[in-house]
Amino acid sequence: MADRRIAVFPGSFDPPTLGHLDLFERAARLFDRLVIGVLENPSKAAALLGAEARRDLIVSELQGRGISADVRVFDGLAVDFAASVGARWILRGLRSAADLGDELAMAGTNREASGGAIDTALIPASPRFAHIQSRLVREIASGGGDIRPFVSPAVAAALREAQVRP
Ligand code: PNS
């Protein structure tokens, strides 16, 4: 078991976008086991969708696409979450050079915080999804815009529902 390549993909996923799903699909092919960690309380802003709703949406999207991964809600540090599932890798997507500084800082911090046990692999976003950001999707949704180009139909429906019943 110890030599299996286990990776965690932590994120807020508020909401999970088509870009995230593409990354999950590719990551699941690269590692023996992929565990997606849905951060319980994203600090940036009040979450549009609750953590369980985000997790359930990801689970059903993965099932629909035949992607094998575990999806868990976590709170606390990403390195502790990674260690709890025996992962030595944290995965993050990289959409553009603008993401790089933050991601390198997180990667280095997580590496040190884990005493060098956990490293980060950055996966470039597919070009057709590289412009998609959850924060912008939330803004479009809040403004009543059409979010169907950015998320799956089920996620779009969940966001509409969340807005009808905040
Ligand atoms: O999808 P996001 O919001 O860009 O994901 C950010 C996330 C969840 C990966 C990051 O905020 C995180 O790891 N939070 C958990 C707390 C933690 O470990 N902080 C130290 C990061 S160096």
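Here the structure is a predicted model, which means the values were calculated and not measured. (Residues numbered from 1 in each chain as written. Predicted model: local features only at pLDDT ≥ 70, side-chain atom pairs only at ≥ 80, totals over all residues. Heavy atoms only, no water.)

Engineer: Can you walk me through the nonpolar core in this structure?
Structural biologist: The biggest cluster of nonpolar side chains holds 32 residues, and the ones touching the most others in it are F9, F24, I36, I58, L91 and I147. Among the elements of the structure, β1 (6–11), α1 (18–30), β2 (33–39), α2 (51–65), β5 (119–124), α5 (134–142) and α6 (153–164) are those that each provide at least two residues to this core. Of the residues forming this core, the biggest block, five residues, is contributed by α1. In this structure L91 touches A7, V8, F9, P10, A27, F31, L34, A121 and I123, once residues within four positions along its chain are discounted. Within the second largest apolar cluster, 13 residues are counted, among which are V35, F81, A87 and I118. (Core = buried A, V, L, I, M, F, W, Y, C linked by side-chain atoms within 4.5 Å. Buried < 20%, exposed > 50% of the residue type's maximum accessible area, 1.4 Å probe, protein only. Helix = DSSP H or I, 4+ residues; strand = E, 2+ residues; numbered from the N terminus. Contact = heavy atoms within 4.5 Å.)

Engineer: What's the story with the side chain of R138 in this structure? I'm lost.
Structural biologist: Here R138 is to be found in helix α5. For R138, the residues in contact, after removing those within four places along its chain, are D14, P15 and L48.

Engineer: It is not clear to me how the packing of aromatic side chains should be interpreted in this structure. Could you clarify?
Structural biologist: What describes a pair of aromatic rings is the distance from one ring centre to the other and the angle between the planes of the rings. This structure, assessed with the given rule, holds five aromatic pairs. An angle of 55 degrees between the planes, with centres 6.4 Å apart, marks the rings of F31 and W89 as tilted. Remark: W89 occurs in strand β4 (residues 89–94) and F31 occurs in the loop between α1 and β2; sequence separation between them is 58 residues. Aromatic side chains F74 and F81 sit 4.7 Å apart centroid to centroid with 15 degrees between the ring planes, which places their arrangement in the stacked category. The same class applies to F74 and to F81, which are both buried. (Phe/Tyr/Trp six-rings, centres within 6.5 Å; stacked < 30°, edge-to-face > 60°.)

Engineer: In this structure, what is going on with the sheet that holds β2? I would like to understand it.
Structural biologist: Strand pairing within a sheet occurs via backbone hydrogen bonds; the two strands may be parallel or antiparallel. Spatially, β3-β2-β1-β4-β5 is the arrangement adopted by the five strands of the open sheet, whose pairing is parallel. Bordering the open sheet on either side are β3 (70–74) and β5, each of which pairs with just one other strand. Neighbour to neighbour, the strand axes of the sheet diverge by 30 degrees on average, direction disregarded. Strand direction decides the pairing type here: β1 and β4, joined by two bridges, are parallel. Pairing of V8 across the sheet is with I90, part of β4. The strands touched by helix α4 (residues 97–113) within the sheet are β4 and β5, with β4 carrying the most contacts at an inclination of about 175 degrees. (Pairing = 2+ DSSP bridges. Axes fitted to C-alpha atoms, helices over the stretch in contact; angles between N-to-C directions.)

Keep in mind these values describe shape, not function.
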